[in-house]
Amino acid sequence: QVQLVESGGGVVQPGGSLRLACVASGFTFSAYTMSWYRQVPGKERELVASISSAARSINYGASMKGRCTVSRDNAENTVYLQMNSLKPEDTAVYYCSRWNWGVNDYWGQGTQVTVSS
């Protein structure tokens, strides 16, 4: 079965960095676009970044553009999100997702990122 497992969240001070990872299993990872989203309680989930199957197409949402980098290692079935210059408003649960024919059809359980001094 399809599984997406995020890791790397935690508490970081403003201005700090974190690298999130999402390990995929149960499908041919290299064939799919993968995305990172984040969600704050009471708000809609928003796109942080997406990366196509061979990493030829990368898109960033407005909220973290210029402060994050998405990458993937198809040999390790892993997609990464490097986040820099973190701000308190980046506090959220971060999810990875598989993009399939126009929908995000599978989601991980999420990893909490808290930016606080």
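Above this text is the structure in question.
Residues numbered from 1 in each chain as written. Predicted model: local features only at pLDDT ≥ 70, side-chain atom pairs only at ≥ 80, totals over all residues. Heavy atoms only, no water.

Asks: How do you make sense of the pairing of strand β8 (residues 78–83) when you look at a structure like this?
Replies: The side chains of a regular strand alternate, residue by residue, between the two faces of the sheet. Among the six residues of β8, five are classified as buried, and the element is accordingly described as predominantly covered. Sheet topology note: the strand β3 (residues 18–25)/β8 ladder contains six bridges and is antiparallel. Counterpart to A21 in the pairing with β8 is Y80. Bridge analysis of strand β7 (residues 68–73) against β8 gives six bridges, and the strand direction is antiparallel. When the bridges of β8 are listed, R72 appears paired with V79. Following β7, the chain reverses through four residues before pairing antiparallel with β8; N77 in that reversal takes a positive phi of roughly 55 degrees. (Buried < 20%, exposed > 50% of the residue type's maximum accessible area, 1.4 Å probe, protein only. Helix = DSSP H or I, 4+ residues; strand = E, 2+ residues; numbered from the N terminus. Pairing = 2+ DSSP bridges.)

Asks: I tried to follow the pattern of salt bridges on my own but got confused; where do I start?
Replies: Pairs can form between side chains of opposite charge once their charged atoms are near each other. By the definition in use, this model includes four salt bridges. Across the pair R38 and E46 runs a salt bridge whose closest N-O atoms are separated by 2.6 Å. Residue R38 is classed as buried on the basis of its relative accessible area of 7%. Between R38 and D90 there is a salt bridge, and its shortest N-O distance comes to 2.8 Å. You can see R38 sitting in strand β4 (residues 33–39) and its partner D90 sitting in the loop between β8 and β9 (92–100), a full 52 residues away along the chain. Judged by relative accessible area, which is 1%, D90 ranks as buried. Shared partners join several salt bridges into a network, and the residues in it are R38, E46, R67 and D90. (Salt bridge = Lys/Arg side-chain N within 4 Å of Asp/Glu carboxyl O.)

Asks: Explanation requested: the packing of aromatic side chains in the structure shown.
Replies: Each pair of aromatic rings is reported with the distance of its centres and the angle of its planes. Inspection of the entire model under this criterion finds four aromatic pairs. Their ring planes at 55 degrees and their centres at 6.4 Å tell us that F27 and F29 sit as a pair that is tilted. Considered together, F27 and F29 belong to a single accessibility category, that of buried residues. An angle of 65 degrees between the planes, with centres 5.1 Å apart, marks the rings of Y37 and W107 as edge-to-face. Within this pair, whereas Y37 is found in strand β4, its partner W107 is found in strand β10 (residues 103–107), the two being separated by 70 residues in sequence. Judged by relative accessible area, which is 13%, Y37 ranks as buried. The class of W107 is partly exposed, set by a relative accessible area of 32%. Taken together, the ring pairs connect F27, F29 and Y32 into an aromatic cluster. One Lys or Arg, R98, reaches over the ring of F27 and ends 4.8 Å from the middle of that ring. Geometry around Y32 places R98 over its ring, the cationic atom sitting 4.2 Å from the centre. (Phe/Tyr/Trp six-rings, centres within 6.5 Å; stacked < 30°, edge-to-face > 60°. Lys NZ or Arg CZ within 6 Å of the ring centre and 35° of its normal.)

Asks: Sorry, what's going on with the state of the cysteines here?
Replies: What the rule picks out here adds up to one disulfide. Here C22 pairs with C96 through a disulfide, and the sulfurs are 1.9 Å apart. Of the two residues, C22 sits in strand β3 while C96 sits in strand β9, which places them 74 residues apart along the sequence. Exposure remark for C22: the relative accessible area of 0% places this residue in the buried category. Overall, the relative accessible area of 0% leaves C96 in the buried class. C68 carries a free sulfur, and the closest cysteine sulfur to it, the one in C96, is 15 Å from it. (Disulfide = S-S within 2.5 Å.)

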